[in-house]
Amino acid sequence: MKVLLHCQRLRFIWLAKPAGRHFHRDSHLWAPLTLDDFEAINRCEKPLPKNFNFAADVLDQWSLKEKSGERPANPALWWVNGKGDEVKWSFQELGSLSRKAANVLTKPCGLQRGDRVAVILPRIPEWWLINVACMRTGLVFMPGTIQLTRKDILYRLQASKAKCIVASEEVAPAVDSIVSECPSLKTKLLVSPNHWDGWLNFQELLQSASEEHNCVETGSQEPMAIYFTSGTTGSPKMAQHSQGSLGIGYTLCGRYWLDLTSSDIMWNMSDTGWIKAAIGSVFSTWLRGACVFVHRMAQFDTDIFLDTLTTYPITTLCSAPTVYRMLVQKDLKRYQFKRLRHCLTGGEPLNPEVLEQWKMQTGLELYEGYGQTEVGIICANRKGEAIKPGSMGKGVVPYDVQIIDENGNILPSGKEGEIALRLKSDRPFCFFSEYVDNPEKTDATIRRNFYVTGDRGVMDDDGYFWFVGRADDVIISSGYRIGPFEVESALIEHPAVVESAVVSSPDPIRGEVVKAFIVLAAPYKCSNREKLTAELQDHVKNSTAPYKYPRKVEFVQELPKTITGKIKRNVLRDQEWGRA
Ligand SMILES: Nc1ncnc2c1ncn2[C@@H]1O[C@H](COP(=O)(O)OP(=O)(O)OP(=O)(O)O)[C@@H](O)[C@H]1O
């Protein structure tokens, strides 16, 4: 199945040899792959087909099922903006509009299979159209959030050598200010009712484009998308994914973690720039034939958020822990959610206190998942399995998740080490292909026969994984190893704490000590700081091993975060160590 090449400078690259069973769609021998096939491929019980295209092999199949009445009359995409505007597309409408969009990309934009397209759009329906149009044409989709600054956009366009940028008016001026420094960029496509000098207009071109389009027969391992990582620990890396890794790799995630069926309505809050949008708002959801629900909020607002859940028949919700931390500050018992039955979170550790409060106030569990841009979901609390508050759940199929030491040896349960994925003879097909133009970083993810995540954790006797912290975030004080998450989770149990970030801080005797940066809840903002510090320190000493308590405490208005909302502990740590 797979050939392992031993290259110069001890670099390993994998060439998976896909099976040739999947005939060209025009051939009389061609049979569409079914959801059962995708699940079997995901379980590694069936080989990856030679060719695969998510638009043709998944979306167009749902269109046919919709036509024949085999799928409920649920939209494929349901978009609202809170101002009375609404878009509902069936799979058939999504099909015909995305074919038109494909013609816009190849004809007036002049793009060819394999070209890279930077797409920086807010949560508007066109984002989904361009996404599917790129699949149909074999273009490599590179999403980015509209919160990117001029400098971020320049970094992304130069690093990727993108041929085209698709943007909205929010970011067009920033693009214009740096375009002269991006020689590879040939086309600027604006998604707006207005015309801008030097930009083609998507809406106008879409209206006149033909609906006739033959989907490109992409190889399963052909590049489909490039995701820039969050940049929590440094410059974002370009993780490249293939048609198969994204298009098939999330089948089981949709079934077991998201628990979706074709009559579900999934609201995933992730920004369009991150892989979580791809998982929850494209691949997992549409593989299961469910409806993708989108609310374009100008900015996150808890009242609008809660109103949306009471107004629309959303069944499944996925949001970052930060959002749940804010929501549990409200009196949630006042709200009657219309159809909500399954709630998910991930991207950051979820404090057990938040899970308990959410459950107490809404009656619903919170199913946490743990993953990375590079390899997708690694651990998750699956529907139907008992949740252990504070744990990220068990390893997900097809991954063999282990805790290893610095030499790549598997550690027994209960021992802290690095979270890693065991690579048997085959590299799992759902892995990213590489960090583009960065073979050293790609190689550095492999230790002996493991993919190392760079995160530290513990597996218990029941196979549940417990997050300790990113390897760089672990604090070593007087010889003790202290994970920030445990201290932060202890702090948030106290009613004065909305959220906190725990980092190492220099100390002349202990080398480094635990320091907590704390955002206070409104009623505690005017409290006596000295008294409150002592109270919080005592609280941590009582709820976890006393050596973990924060010897230094600083109260802050807010914590530094990435645009995905993740706490940037490295910024606070550098500040403490005078490296800022
Ligand atoms: N449920 C979770 N619990 C704890 N941490 C999580 C969870 N889910 C994701 N993470 C963290 O997020 C990381 C993956 O996030 P992402 O792929 O966006 O890149 P990043 O590591 O934040 O950014 P960069 O690699 O650019 O520094 C994981 O390695 C882990 O540290």
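Residues numbered from 1 in each chain as written. Predicted model: local features only at pLDDT ≥ 70, side-chain atom pairs only at ≥ 80, totals over all residues. Heavy atoms only, no water.

1. Considerations on the pairing of strand β13 (residues 291-295)
Then comes step 1: Taken across its five residues, β13 has five buried, putting it largely inside the fold.
Then comes step 2: The two faces of β13 match: C291, F293 and H295 on one face and V292 and V294 on the other face are all buried.
Then comes step 3: Where strand β12 (residues 265-268) lies against β13, three bridges are found, and the strand directions are parallel. Bridge assignment links M266 to a residue of β13, and that residue is V292. (Buried < 20%, exposed > 50% of the residue type's maximum accessible area, 1.4 Å probe, protein only. Helix = DSSP H or I, 4+ residues; strand = E, 2+ residues; numbered from the N terminus. Pairing = 2+ DSSP bridges.)

2. Observations regarding the domain arrangement of the protein
Then comes step 1: Assigned domains within the protein: domain 1 (91-242), domain 2 (401-468) and domain 3 (473-577).
Then comes step 2: Each partner contributes residues to the interface: domain 2 has four residues there, and domain 3 has five residues.
Then comes step 3: Here domain 2 meets domain 3 over a buried area of about 360 Å², counting both sides, of which 58% is carbon and sulfur.
Then comes step 4: Together, R456, F467 and V468 form the three largest contributors to the area buried by domain 2 at its contact with domain 3, with a combined 83%.
Then comes step 5: Scanning the region where domain 2 abuts domain 3 turns up one salt bridge.
Then comes step 6: One salt bridge connects R481 with E416, and the closest N-O pair in it is separated by 3.5 Å.
Then comes step 7: Remark: the boundary between domain 2 and domain 3 carries one residue pair in polar contact (both at pLDDT 80 or more).
Then comes step 8: Class assignment of the residues belonging to the side of domain 2 that touches domain 3 gives a composition of two nonpolar, no polar and two charged. (Domains from an automatic or database assignment. Contact = heavy atoms within 4.5 Å. Buried area = accessible area lost by both parts, 1.4 Å probe. Salt bridge = Lys/Arg side-chain N within 4 Å of Asp/Glu carboxyl O. Polar contact = N/O pair within 3.5 Å; in protein donor to acceptor, adjacent residues only side chain to side chain. Nonpolar A, V, L, I, M, F, W, Y, C, P; charged D, E, K, R; others polar.)

3. Some thoughts on the pattern of salt bridges
Then comes step 1: A complete count under the given rule lists 35 salt bridges for this structure.
Then comes step 2: Linking R569 and E488 is a salt bridge whose minimum nitrogen-to-oxygen distance equals 2.9 Å. Placement of the pair is R569 in helix α17 (residues 569-576) and E488 in helix α15 (residues 484-492), with a sequence separation of 81 residues. Each member of the pair R569 and E488 is classed as buried.
Then comes step 3: Residues joined by salt bridges that share partners form a network here, namely E39, R43, R255 and R288.

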